[in-house]
Amino acid sequence: MEERKKKVTKLPSKSVHQYDAYIERQNRKKQRLTRRLILYAIVVALIVGSMSIYHFNQRALKADKLEEYEQLEQQLADLNQEETDLNNEIENLQDEEYVLEIARTNYFFSNEGELIFKLPDEDPSY
């Protein structure tokens, strides 16, 4: 399409020139405001994004540390139980009757007049 010619011309007056300058200043102000708002939005988005990434990394680290803590707590409980068992074994080994009972069952020691028969552990095949 061919361009249409303007049928209305502006009169070169001072007030028209001032109005055009005013409109141009307003447009530049709007453009600067828009650019500033976009810049601020980008800065805020970067800050929020970096804080979110940091937050999720910290949550993952906390979960790992909590899991490690629970494993160590379980290990500590097992070691405490083992210590208790070993202390009980020490007390029992100081008792002469307990030591003699272990010697009879494990090493086939006998009292005077006793006979020990060792039976096979396997079941008969018949």
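Each chain has its residues counted from 1, following the order in which its sequence is written. In view of the model being predicted, local features appear only for residues whose pLDDT reaches at least 70, and side-chain atom pairs are presented and counted only at 80 or more, with totals across whole chains, interfaces and linings using the full set of residues. Only hydrogens and water are removed before side-chain values are computed, so all heavy atoms of the structure are retained for them.

Thoughts on the overall build of the protein chain
Strands here are runs of E lasting at least two residues and helices are runs of H or I lasting at least four, both read from the DSSP assignment and numbered beginning at the N terminus. Along the protein chain, the regular secondary structure elements total two helices and zero strands. Both definitions apply: the radius of gyration is a C-alpha atom measure, and the globule rule equals 2.2 Å times residues to the power 0.38. In terms of overall size, the protein chain is more extended than a compact globule, its C-alpha atoms giving a radius of gyration of 47 Å where 126 residues would be expected to give roughly 14 Å. C-alpha extents for the protein chain along the principal axes are approximately 140 × 45 × 10 Å. Within the protein chain, the proportion of its 126 residues that are buried is 1%. Taken as a whole, the protein chain presents about 13200 Å² of accessible surface, with 57% of it coming from carbon and sulfur. Exposure classes here rest on a 1.4 Å probe applied to the protein chains alone. A residue is buried below 20% of its type maximum, exposed above 50%, and partly exposed in between. What sets the accessible areas is the Shrake-Rupley method with a 1.4 Å probe; for residues, cover comes only from the shown protein chains.

Considering the pattern of salt bridges
Pairs can form between side chains of opposite charge once their charged atoms are near each other. Here, a salt bridge means any Lys or Arg side-chain nitrogen found within 4 Å of an Asp or Glu carboxyl oxygen. Tallied over the entire structure, the rule returns one salt bridge. Across the salt bridge formed by Glu-24 and Arg-28, the nearest N and O atoms sit 3.7 Å from each other. Pair noted here: Glu-24 and Arg-28 are both in helix 1 (residues 14-93), with a separation of four residues, about one helical turn. You can call Arg-28 partly exposed: its relative accessible area is 41%.

As for a negative patch on the surface
Patches here: salt-bridge-free residues with over 30% relative accessible area, like charges joined within 9 Å, nonpolar side chains (Val, Leu, Ile, Met, Phe, Trp, Tyr) joined within 5 Å. Residues scored as positive are Lys and Arg, those scored as negative are Asp and Glu, and His as well as the terminal groups of each chain are ignored. Lys charges are placed at NZ, Arg charges at CZ, Asp charges at CG and Glu charges at CD. A surface patch of like charges, here negative, comprises Asp-64, Glu-67, Glu-68, Glu-70 and Glu-73. Examined against the element boundaries, Glu-73 turns out to sit in helix 1.

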